[in-house]
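Notes for the structure review
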There are 2 protein chains.
Amino acid sequence: MEEPGGSERGRAGKPARRHVVAAAVRLFDGAGYEATTMDGIAAASGVSRRSLFRHFGSKEDILFAEHDELFETVTRYLEATPGDDPAATVCAAARMVFQAYVDVPEITVPRYRLVRAVPRLRDREIAMTARYQGAFSRYLARGETTGPRVLAGEALAASVIAAHNHVLRSWLHDPDQPVPWARFDRAMEFVTRSLGAMLRSSGQTAAAGESPRDTVLVAVYPSSTGGTDVLRRVSEALGEGPG
Amino acid sequence: MEEPGGSERGRAGKPARRHVVAAAVRLFDGAGYEATTMDGIAAASGVSRRSLFRHFGSKEDILFAEHDELFETVTRYLEATPGDDPAATVCAAARMVFQAYVDVPEITVPRYRLVRAVPRLRDREIAMTARYQGAFSRYLARGETTGPRVLAGEALAASVIAAHNHVLRSWLHDPDQPVPWARFDRAMEFVTRSLGAMLRSSGQTAAAGESPRDTVLVAVYPSSTGGTDVLRRVSEALGEGPG
DNA sequence: CATAATTAGGCACGCAGTGCCAAAACGAAG
DNA sequence: CTTCGTTTTGGCACTGCGTGCCTAATTATG
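The text that follows walks through the structure, step by step, so that each part is easy to find. (Residues numbered from 1 in each chain as written. Chains lettered and ligands numbered in written order. Predicted model: local features only at pLDDT ≥ 70, side-chain atom pairs only at ≥ 80, totals over all residues. Heavy atoms only, no water.)

**Digging into the overall build of chain A**
The number of helices and strands found in chain A is 11 helices and 1 strand. Element order for chain A, N to C, with α for helix and β for strand: α-α-α-α-α-α-α-α-α-α-β-α. When each of the 243 residues of chain A is scored for burial, the buried share is 47%. Long-range pairs, those at least 24 residues apart, make up 67% of the contacts in chain A with a sequence separation of at least 6. Carbon and sulfur atoms make up 50% of the accessible area of chain A, which amounts to about 12300 Å² in all. (Helix = DSSP H or I, 4+ residues; strand = E, 2+ residues; numbered from the N terminus. Buried < 20%, exposed > 50% of the residue type's maximum accessible area, 1.4 Å probe, protein only. Contact = heavy atoms within 4.5 Å. Areas by Shrake-Rupley, 256 points an atom, 1.4 Å probe, with all protein chains shown as cover.)

**Digging into the protein's contact with DNA strand D**
Every one of the 14 residues lining DNA strand D counts as a neighbour, but Arg49, Arg50 and Lys59 of chain A together with Ser48 and Ser51 of chain B are closest to it. The share of sugar and phosphate among atoms of DNA strand D within 4 Å of the protein is 45%. A distance of 3.3 Å separates a base oxygen of DNA strand D from a polar side-chain atom of Arg50 of chain B. Elements with a minimum of two residues in the surface near DNA strand D: helix H3 (49-56) of chain A together with helix H3 (49-56) of chain B. Here the surface near DNA strand D takes 4 residues from H3 of chain B, the largest share from any one element. Residues of the surface near DNA strand D, tallied by class, amount to 2 nonpolar, 7 polar and 5 charged. (Near = heavy atom within 4 Å. Polar contact = N/O pair within 3.5 Å; in protein donor to acceptor, adjacent residues only side chain to side chain. Nonpolar A, V, L, I, M, F, W, Y, C, P; charged D, E, K, R; others polar.)

**Observations concerning the protein's contact with DNA strand C**
Taken together, 16 residues lie around DNA strand C, and Ser48 and Ser51 of chain A together with Arg49, Arg50 and Lys59 of chain B are the ones closest in. Of what DNA strand C places within 4 Å of the protein, 46% of the atoms are sugar or phosphate. Take Ser48 of chain A: an N or O atom from its side chain is 2.8 Å from a phosphate oxygen of DNA strand C. The side chain of Arg50 of chain B places a nitrogen or oxygen atom 2.7 Å from a base oxygen of DNA strand C. Broken down by secondary-structure element, the contributors of at least two residues to the surface near DNA strand C are H3 of chain A together with H3 of chain B. The dominant element in the surface near DNA strand C, judged by the number of residues it contributes, is H3 of chain A, at 5 residues. Of the residues belonging to the surface near DNA strand C, the class tally is 3 nonpolar, 7 polar and 6 charged.

**Quick look at the side chain of Thr129 of chain B**
Along the chain, Thr129 of chain B falls in helix H8 (residues 119-141). Looking at Thr129 of chain B, the relative accessible area reads 15%, which means it is buried.

**A short note on the packing of aromatic side chains**
Under the definition given, this model contains 10 aromatic pairs over all chains. Relative to Trp181 of chain A, the ring of Phe98 of chain A has its centre 5.1 Å away and its plane inclined at 85 degrees; by these criteria the two rings are edge-to-face. You can see Phe98 of chain A sitting in helix H6 (residues 86-103) and its partner Trp181 of chain A sitting in helix H10 (residues 181-200), a full 83 residues away along the chain. Classification of Trp181 of chain A by relative accessible area gives partly exposed; the value is 25%. Residues Phe71 of chain B and Tyr132 of chain B carry aromatic rings whose centres are separated by 5.2 Å and whose planes lie at 75 degrees to one another, so their mutual orientation is edge-to-face. Residue Phe71 of chain B is found in helix H5 (residues 65-80), and its partner Tyr132 of chain B is found in helix H8; the two are separated by 61 residues along the sequence. Pair check on accessibility: Phe71 of chain B and Tyr132 of chain B agree, each one buried. Through a chain of ring-to-ring contacts, three or more aromatic side chains come together here, namely Phe98, Trp181 and Phe184 of chain A. (Phe/Tyr/Trp six-rings, centres within 6.5 Å; stacked < 30°, edge-to-face > 60°.)

**A closer look at the packing of helix H5 (residues 65-80) of chain A against helix H8 (residues 119-141) of chain A**
All names here are of chain A. Running from amino to carboxyl end, H5 crosses H8 at an angle of 5 degrees, the nearest separation of the two axes being 11 Å. In terms of axis orientation, H5 runs roughly parallel to H8. In contact with His67, Asp68, Leu70, Phe71, Val74, Thr75 and Leu78 of H5, H8 contributes Met128, Arg131, Tyr132, Ala135, Phe136 and Tyr139. Tallied by class, residues from the contact of H5 with H8 come to 9 nonpolar, 2 polar and 2 charged. (Axes fitted to C-alpha atoms, helices over the stretch in contact; angles between N-to-C directions. Parallel < 35°, antiparallel > 145°, perpendicular 65-115°, else oblique.)

**Describing the nonpolar core**
Counting 118 residues, the largest nonpolar core has Phe136 and Val160 of chain A together with Phe136 and Val160 of chain B as its most contacted members. Beyond its immediate stretch of four places on either side in the chain, Val160 of chain B contacts Val90, Cys91, Ala94, Phe136, Met188 and Val191 of chain B. (Core = buried A, V, L, I, M, F, W, Y, C linked by side-chain atoms within 4.5 Å.)

Now the structure itself:
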């Protein structure tokens, strides 16, 4: 029964944890999530049932244990990064999450299968991504609790999460394909392009005065603005920026 | 012949359902969610424990029962609405959800308190909104399963949900205030303005050919595009549209 | 080696959720 | 009103998650 420090030596930290997670994933994958009991996981991993609950709290949490650690890493990253370019920072954070997924396909791929099959786990996964979204929103709001900037931040956070999930899902469907980093970056650029500019000056014209020269140009006008007026404003904006 | 999880049975005219929900909310509010047992709800509402599970499936589902009905209403609305202006349709659907919330504050307000206090219920609420987001994404994708339009649709759906939640939360904090319909519509306009146009022709030039005359004009170009080239393209796009 | 502190294991309990079967309400003939 | 078939409801027992409590093992410390 007792096998202390014998078989699987992962790396520094807690190898026992990983060992339990691997055993649980194997059982879930084989017999199904609902059919696998905590007693079964305890027997397969060599840990007592009581200790399982002590360390992971619940059956679901065994699957999402390292996801929690990742979330803490990301939040620490956000706290440590000054808000020079909040949109870019949030995209970088999303990139960290994406990287963490593709780094351990032996965990994330079977988990994805389970998440799609079991509604309870699906809700749990969604709740996890919602936590990221909340952290992103808070970072983008930068202390403000009201005003249009908050809305813009929440919309951008939601879009960044959506874009992340979009690319991640496509990779999870085909984990043998090369990791689509380019598609990921393009997706991030897509959402940043439209909503990121709104963050700076929320609402009317985003290009005038502070056009981002090495990324893109975004021009937004109310429909009430006449066509010639739009053309004039674009011309002005381009006149200030470089060619 | 019982249906596990199938929570819709009586369509209209089931006062017993509402009665049970009201009793449960009262108990949750008084003694806390965890401390309230199904036996207690059964005793307080006058139905047997077994029938509680039969009709609602789980303890959580008692709180979110009518939320499920609302979701079906919304999906039916989407299915019945042709995709003339998908972004506007999705915003209208979000408006239906918002309306359903503010229509029954005696349910939604105490539920909001519970959701904020109990992590389990919070996850459930998030999962509910995710279902809406999925339905919106599917509607915006219009059958396509790949390509940039899908990404744009998912980002827009996520933003619409975020905007909806943003305004809804502010009202839930102060339900005695008048319902902020204007703020809701402005929030929807905000996210539609930036991402909605992307939906039509995703990525490069959004205005050419089918400029939305009664909403907004959004023009997006890569930074590599020369300024004069941008000006020329905008001019072309405006030449086709109205002045 | 002795002792205090931390950690794991064993045990029992509460409660959500389910399957099964019996009792009751319902509805349509006769 | 009675009788039969259907549908709904209630009662009971059972599985399994999650927890509190206590004891045993392990480790740290003097």
